[in-house]
Amino acid sequence: MSGAHRQLAGIALFAVLVGCVPLATKSGVTLNFVMMALYATLIAQAWNILGGFGGQFSFGHALFFGTGAYIQAIAQLQGGINAWAALPLAVAGAALVGFFVGALSFRYGLKGSYFALVTLAFAEVFRILALSVNFTGGGVGLMVPLRESVTNLQFASRAGYLWLVLAMVVLALLVTWWLRNGRFGAYLQAVRDNEDAARAVGVNPFRVKLAAIGISAAFMGAAGAFYVQVFQYIDAGIAYGPAVSVEALVAAIVGGMGTLWGPVLGAVVLHLLSDLTRNLFGELPGINMVIYGTVLVVIVIFLPRGVAGLGLSVRQLWNAKKGGRHD
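It should be emphasised that the depicted structure is a prediction, and the values quoted were computed from it without experimental measurement.

Criteria and thresholds
Residues numbered from 1 in each chain as written. Predicted model: local features only at pLDDT ≥ 70, side-chain atom pairs only at ≥ 80, totals over all residues. Heavy atoms only, no water. Axes fitted to C-alpha atoms, helices over the stretch in contact; angles between N-to-C directions. Helix = DSSP H or I, 4+ residues; strand = E, 2+ residues; numbered from the N terminus. Parallel < 35°, antiparallel > 145°, perpendicular 65-115°, else oblique. Contact = heavy atoms within 4.5 Å. Nonpolar A, V, L, I, M, F, W, Y, C, P; charged D, E, K, R; others polar. Phe/Tyr/Trp six-rings, centres within 6.5 Å; stacked < 30°, edge-to-face > 60°. Buried < 20%, exposed > 50% of the residue type's maximum accessible area, 1.4 Å probe, protein only. Patch = residues over 30% accessible without salt bridge, like charges linked within 9 Å, V, L, I, M, F, W, Y side chains within 5 Å. Areas by Shrake-Rupley, 256 points an atom, 1.4 Å probe, with all protein chains shown as cover. Salt bridge = Lys/Arg side-chain N within 4 Å of Asp/Glu carboxyl O. Core = buried A, V, L, I, M, F, W, Y, C linked by side-chain atoms within 4.5 Å. Polar contact = N/O pair within 3.5 Å; in protein donor to acceptor, adjacent residues only side chain to side chain.

Visitor: Before we move on, can you summarise the packing of helix H3 (residues 28-51) against helix H12 (residues 242-255) with the specific residues and values?
Guide: Closest axis-to-axis distance for the H3/H12 pair is 8 Å, and the angle between their directions is 80°. With respect to each other, H3 and H12 are oriented roughly perpendicular. Contacts between H3 and H12 involve Tyr-39, Ala-40, Ile-43, Ala-44, Trp-47 and Asn-48 from the first element and Val-244, Glu-247, Ala-248, Leu-249, Ala-251, Ala-252 and Ile-253 from the second. Split into classes, the residues belonging to the contact of H3 with H12 amount to eleven nonpolar, one polar and one charged.

Shown next, in the form of structure tokens:
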């Protein structure tokens, strides 16, 4: 079996094992943890597509999350659209915003810290706009009425939401697998490594990066729509605030950028840390952000490839020590 087929088999096994969790336990705590870890995986994988494979670091991925969340809520509240029908609208709307930001940024050659700051600025602009207009609920936000029904995309237990976000994560994993093994992924990684060299062999960096940000934004929009359906509420601070952007990029970096399973590992590690710190230091607000920052610094210094690259880093260290003893 080739490496690509083993990866597909791994994705299928992951889907089956996680999908069986609600059948194995009815514990609300367990189901909620798995559901939120999958949600974190989704936003981390979305960031990984653009940041890990495309090398375009974004500090404002909440821009796409918030757009998807608001479209999901507004379509139901003001458009009278069924939640299932609103979901693809949320994904498409987030992708369009991604194309817009990408077209402006990449057309003028923005990359690195400049691109990161542009995405952060757009997220802040959209946050201020959401606070200023009536159809977003202003500072009050929007609350989707509780009408528990599968047809309304509202489930009576966490199991339904777990399966929904699992389907989104599996789709994101399949797209990531395609990026690792397909021609477009090769183009994207070539642009990440050296745009001039990629252009010299016929790759159009602008089109490749634009497609990458559109795909990345679409998955963030799906995560935003999922958030609205689970919590039935969204406001400007949640939608476009820094927390979502930080969680997405930190989980991807901690797990391992440009890898298939890195965002999964990073999301699980961070949620375990989050639950642990909440239990130990629940009276200290913001401690989870301090932990995130500390973990990120430690990972960057000691595990530059992330948790997914731990085995490779250990092997290289061991080989280096062996080589030193031979000398």
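Visitor: Quick rundown of unusual backbone geometry? Include the residues and the values.
Guide: Phi is positive for Leu-153, close to 60°, though the residue is something other than glycine. Looking at where Leu-153 falls in the secondary structure, it is placed in the loop between strand E1 (142-143) and helix H7 (158-181). Of note, Gln-232 is a non-glycine position whose phi angle comes to about 55°, a positive value. Tracing the backbone shows Gln-232 in the loop between helix H10 (205-231) and strand E2 (233-234).

Visitor: Please set out the packing of aromatic side chains residue by residue, giving values where relevant.
Guide: Applying the stated criterion to the full structure yields 14 aromatic pairs. Relative to Phe-65, the ring of Tyr-39 lies with its centre 6.3 Å away and its plane at 65°, an arrangement referred to as edge-to-face. Remark: Phe-65 occurs in helix H4 (residues 62-77) and Tyr-39 occurs in helix H3; sequence separation between them is 26 residues. Phe-65 carries the same exposure label as Tyr-39, and that label is buried. A ring pair is formed by Tyr-39 and Tyr-227, whose centres lie 6.3 Å apart and whose planes are at 45°; its orientation type is tilted. Within this pair, whereas Tyr-39 is found in helix H3, its partner Tyr-227 is found in helix H10, the two being separated by 188 residues in sequence. Tyr-227 matches Tyr-39 in its accessibility class, with the two residues each being buried.

Visitor: Give me the lowdown on a nonpolar patch on the surface, citing residues and values where you can.
Guide: Taken together, the side chains of Phe-57, Phe-59, Leu-117, Leu-120 and Met-257 make up a nonpolar region of the molecular surface, amounting to roughly 430 Å² of accessible area. As for its position among the elements, Met-257 is in the loop between H12 and helix H13 (262-280).

Visitor: Can you break down the nonpolar core residue by residue, with the values?
Guide: Ranked by size, the top nonpolar core spans 91 residues in total, and within it Leu-38, Tyr-39, Tyr-70, Phe-226 and Ile-234 carry the most contacts. At 15 residues, H10 tops the list of elements feeding residues into this core. Setting aside residues up to four positions removed in sequence, Phe-226 forms contacts with Met-35, Tyr-39, Tyr-161, Leu-164, Val-165 and Met-168.

Visitor: If you had to explain the pattern of salt bridges to someone new, which residues and values would you point to?
Guide: Evaluated as defined, the whole model comprises five salt bridges. Ionic pairing is found between Lys-209 and Glu-195, a salt bridge with its closest N-O pair at 2.8 Å. With Lys-209 in helix H10 and Glu-195 in helix H9 (residues 195-200), this pair connects stretches of sequence that are 14 residues apart. For the pair formed by Lys-209 and Glu-195, the shared burial category is buried. One salt-bridge network, held together by shared partners, links Glu-195, Asp-196, Arg-199 and Lys-209.

Visitor: Any details on the environment of Gln-56? Residues and values, ideally.
Guide: Along the chain, the position of Gln-56 falls in the loop between H3 and H4. As for Gln-56 and Leu-110, which are separated by 54 residues in sequence, their C-alpha atoms are 9.5 Å apart. Those residues in contact with Gln-56, other than ones at most four positions away along the chain, are Leu-50, Gly-51, Phe-106, Leu-110, Lys-111, Phe-115, Glu-195 and Lys-209. A distance of 3.2 Å separates a polar side-chain atom of Gln-56 from the backbone oxygen of Gly-54.

Visitor: An account of the environment of Leu-166 is requested, with residue identities and associated values reported.
Guide: Along the polypeptide, Leu-166 turns up in helix H7. Each C-alpha atom, one on Leu-166 and one on Gly-262, is 16 Å from the other, the two residues being 96 residues apart in sequence. Contacts of Leu-166, omitting those with residues within four sequence positions, involve Phe-14, Ala-15, Val-18, Gly-19 and Leu-38.

Visitor: I'd like to hear about the packing of H7 against H10, residue by residue, with values.
Guide: Relative orientation of the contacting elements H7 and H10 amounts to 175°, with a least axis distance of 11 Å. Comparing their axes, H10 and H7 come out roughly antiparallel. Where H7 approaches H10, its residues Arg-158, Tyr-161, Leu-164, Val-165, Met-168, Leu-171, Ala-172, Val-175 and Trp-178 are matched on the opposing element by Ile-215, Phe-219, Ala-222, Phe-226, Gln-229 and Val-230. For the contact of H7 with H10, the class distribution of residues is 13 nonpolar, one polar and one charged.

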